[in-house]
Amino acid sequence: MSGLGGRAAIVGAGATEFSTEAGRSETRLATEAILGALADAGLPVADVDGLVSYTIDPVEETELARGLGIPEIRWSSRVPYGGGGSQGVLLHAAAAVASGAADVVVAYRAVKARSGRRFGAARAGIGPSSSHSGTTAGQWCAPYGVLTPASWFALNASRYMHRFGVTNEDFGRAVVQLRAYAATNPAARCYGRPITLADHQASRWIAEPAIRLFDCCQETDGSVAFVITSTERAGATRAPVTIAAAGGAALLGQEIATDHYSADLSVMAGSAALARRLFDRGDIKRSDVDVALIYDAFSPILFMQLEGLGFCGPGEARDFVADGNLSPSGALPCNTNGGLIGEGYIHGLNLTLEAVRQLRGGAANQLKDVRTALVSASRTGVLLTRLTR
Amino acid sequence: MTDASAPPPVRPAPAITEDNLFFWEAARGGRLVAQRCASCGLLRHPPRTACPACQSLDIEIAELSGDGEVYSYALLWHPRSPRFGYPVIAVLVDLAEGVRVVSNLVGIAPGEVRIGLPVTVEFEPCEGDLAVPVFRPRGEAA
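Residues numbered from 1 in each chain as written. Chains lettered and ligands numbered in written order. Predicted model: local features only at pLDDT ≥ 70, side-chain atom pairs only at ≥ 80, totals over all residues.

A. Highlighting the overall build of chain B. Within chain B, the secondary structure is distributed over 1 helix and 8 strands. Each helix (α) and strand (β) of chain B, taken in turn from the N terminus, gives the series α-β-β-β-β-β-β-β-β. Its C-alpha atoms give chain B a radius of gyration of 16 Å, near enough to 14 Å, the size a compact globule of 142 residues would have. For chain B, the share of sequence-separated contacts (at least 6 apart) that also reach a separation of at least 24 residues comes to 53%. (Helix = DSSP H or I, 4+ residues; strand = E, 2+ residues; numbered from the N terminus. Rg over C-alpha atoms; globule rule 2.2 N^0.38 Å. Contact = placed C-beta atoms within 7 Å.)

B. Representation of the overall build of chain A in the model. Counting its regular elements, chain A contains 13 helices and 11 strands. Taking 21 Å as the expected radius of gyration for a compact globule of 389 residues, we find that chain A reaches 19 Å, a close match to that expectation. Projected onto its principal axes, the C-alpha coordinates of chain A cover approximately 55 × 45 × 40 Å. Scored against the burial criterion, the 389 residues of chain A give a buried share of 62%. Of the contacts formed within chain A by residues at least 6 apart in sequence, a portion of 78% connects residues at least 24 apart. (Buried ≥ 20, exposed ≤ 12 C-beta atoms within 10 Å, placed from the backbone.)

C. Structural detail: the packing of helix H6 (residues 168-183) of chain A against helix H10 (residues 299-308) of chain A. All names here are of chain A. Between H6 and H10, whose axes approach to 9 Å, the crossing angle comes to 95°. Regarding the angle of H6 to H10, the classification is roughly perpendicular. Mapping the contact onto sequence places Phe171, Ala174 and Val175 in H6 and Ser299, Pro300, Leu302 and Phe303 in H10. Here the contact of H6 with H10 is built from residues that sort into 6 nonpolar, 1 polar and no charged. (Axes fitted to C-alpha atoms, helices over the stretch in contact; angles between N-to-C directions. Parallel < 35°, antiparallel > 145°, perpendicular 65-115°, else oblique. Nonpolar A, V, L, I, M, F, W, Y, C, P; charged D, E, K, R; others polar.)

D. The arrangement of the sheet that holds strand E4 (residues 105-112) of chain A in detail. Residues and elements named next belong to chain A. The 9 strands lie next to each other as E3-E2-E4-E7-E1-E8-E11-E10-E9, forming an open sheet whose pairing is mixed. In the strand order of this sheet, the two ends are held by strand E3 (75-79) and strand E9 (291-294), each with one partner. Each adjacent strand pair in this sheet contributes to an overall mean axis angle of 25°, direction not counted. As paired strands, strand E2 (residues 50-54) and E4 are joined by 3 bridges and run parallel to one another. When the sheet's bridge partners are listed, leucine 51 is paired in E4 with valine 106. (Pairing = 2+ DSSP bridges.)

E. Layout of the sheet that holds strand E3 (residues 59-63) of chain B. Residue and element names in this part refer to chain B. Here 3 strands make up an open sheet; going across it, the order is E2-E1-E3 and the pairing antiparallel. Two strands in the sheet have a free side with no partner beyond their single neighbour: strand E2 (43-44) and E3. Pairing between strand E1 (residues 33-37) and E3: 5 bridges, direction antiparallel. Bridge assignment links cysteine 37 to a residue of E3, and that residue is isoleucine 59.

F. Up close: unusual backbone geometry. Of the consecutive residues Glu208(A) and Pro209(A), the connecting peptide bond is found in the cis state with omega at 10°. Within the secondary structure, Pro209(A) is located in the loop between strand E5 (205-208) and strand E6 (211-212). Of note, the bond from His45(B) into Pro46(B) is cis; its omega dihedral lies within 30 degrees of zero at 0°. Summarising the element assignment, Pro46(B) is placed in the loop between E2 and E3.

G. Examining the environment of Gly98(B) more closely. Inspection of the secondary structure assignment puts Gly98(B) in the loop between strand E5 (88-95) and strand E6 (100-104). For the pair Gly98(B) and Leu42(B), spaced 56 residues apart in sequence, the C-alpha to C-alpha distance is 9.8 Å.

H. Expanded view of the environment of Thr120(B). Residue and element names in this part refer to chain B. Note that threonine 120 resides in strand E7 (residues 118-126). With 55 residues separating them along the chain, threonine 120 and serine 65 place their C-alpha atoms 8.4 Å apart. Apart from residues no more than four positions distant in its own chain, threonine 120 is found in contact with Gly66, Asp67, Phe135, Arg136 and Arg138.

I. Region of the structure containing helix H13 (residues 349-360) of chain A. Residues and elements named next belong to chain A. The terminal C-alpha atoms of H13, which comprises 12 residues, lie 17 Å apart, in line with the 16 Å expected from a rise of 1.5 Å per residue. Among all positions in H13, only Leu349, Asn350, Leu351, Thr352, Leu353, Glu354, Ala355, Val356, Arg357, Gln358 and Leu359 are buried. Positive phi shows up at glycine 361, right after H13, with a value of about 95°. (Expected span 1.5 Å × (residues − 1).)

J. Representation of the nonpolar core. Counting residues in hydrophobic clusters, the biggest one holds 168 residues, and the most contacted among them are Ala93(A), Ala94(A), Val105(A), Ala107(A), Ile228(A) and Leu384(A). Leaving out residues up to four positions away in the same chain, Ala94(A) has contacts with Leu4(A), Arg7(A), Ala8(A), Ile228(A), Ile243(A) and Ala246(A). (Core = buried A, V, L, I, M, F, W, Y, C linked by C-beta atoms within 7 Å.)

Next comes the structure, spelled out in structure tokens:
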């Protein structure tokens, strides 16, 4: 177990509705989710002394704290890499709690990714830094019309497909499973809207040959927040979830969605490094994972993480998925909320929410006897377990 | 697809910074260049503030042949910016000297693009009296 393993716990979770038009600001959405998380934890605002988010976040910590009435903030941070850093909020929160730098840390993210600034919009003139996004690579793409995360990642995915003979239809099989989960999740943007493989293959190309429309996450308005404190203190709360391991791995050459300069783009070396952080130091094995939540901004990223994280070998995700392993009865039930593709894109933090729900019980697609959950955002990730009292 | 009767869209200018100015100035003059470490000789792109291998701050500018091959590609159909024609043919080109660039492929039908295609550089004008390096098929692929 790493130094942080088991020393901090998620004691509260909160979220707004996930919609196409929230009709209120990101700061207001974050405030609502945080108040929900504190109520869930049974802790007063006055106990909060830490705030953690990640980059491409328009919410100012100062304004958030003023609105909530947090008397004193002792610890605050933002994890780089945008959504790739989403699970890093738990690493930072756990580190703060374990070191004594803070007692009660709130981790949050709010987006208006549909009604506000859409991640998928084609904005020309991307500069060397976009809202402190953790990357400077956009400047080398923008003059070529490579303007969106889908187009950036398609260049990686296309090489992956070429090396292993993977087709877009292979990706479609995972999407059909994600949409089946979303269809029975009332919180999901795609609730009640399952698709077939033929539907997937009929959706229009976004970035050929890798990404069709149905391979993309749902740009969404909404917010998710968590309250993290020490496991000692967590024992007195309603339904704590232990942060058994938390890790981050950013390798030389990696950017965010763009990773165009590493020698071999057909593998996600960062995910392999993350898996070493999570699995090699602890007593939790891959086979112990009862549910996996894997960052699926686009379906090929899911395949490449399954391989990078070591749930199957290089090039084997195609068969792993086709064999039904992501389903409730499979070897690795995955993105049971529908994922970012089916439930919505709260920049990755709704995956963590689903992990907490599965561990506590009461998820829309509740699995049986969930003891260990993995959340991977490719370069940051966590292993969460039920807190044994 | 773009309207054949409409004037071709003008490619937007790259964002110029103190760190990348040398690259775009060379491109305006029809030259493809990259940083080379003056200490250990490592060629690198995109530009970095120091050598990631030896940490030297001394930089040389190396002329590149402009020949390479397509490492990966994607035909970008949506969403569409009025500044480009669609599909945009996005490519990663591995240059002969060992660095990789993001670019576009020209002089080829979208359906003919493939990984491993030999290509060579040329330059297209863009906004701001600048130019950007793009690639077209080379040799028997041309």
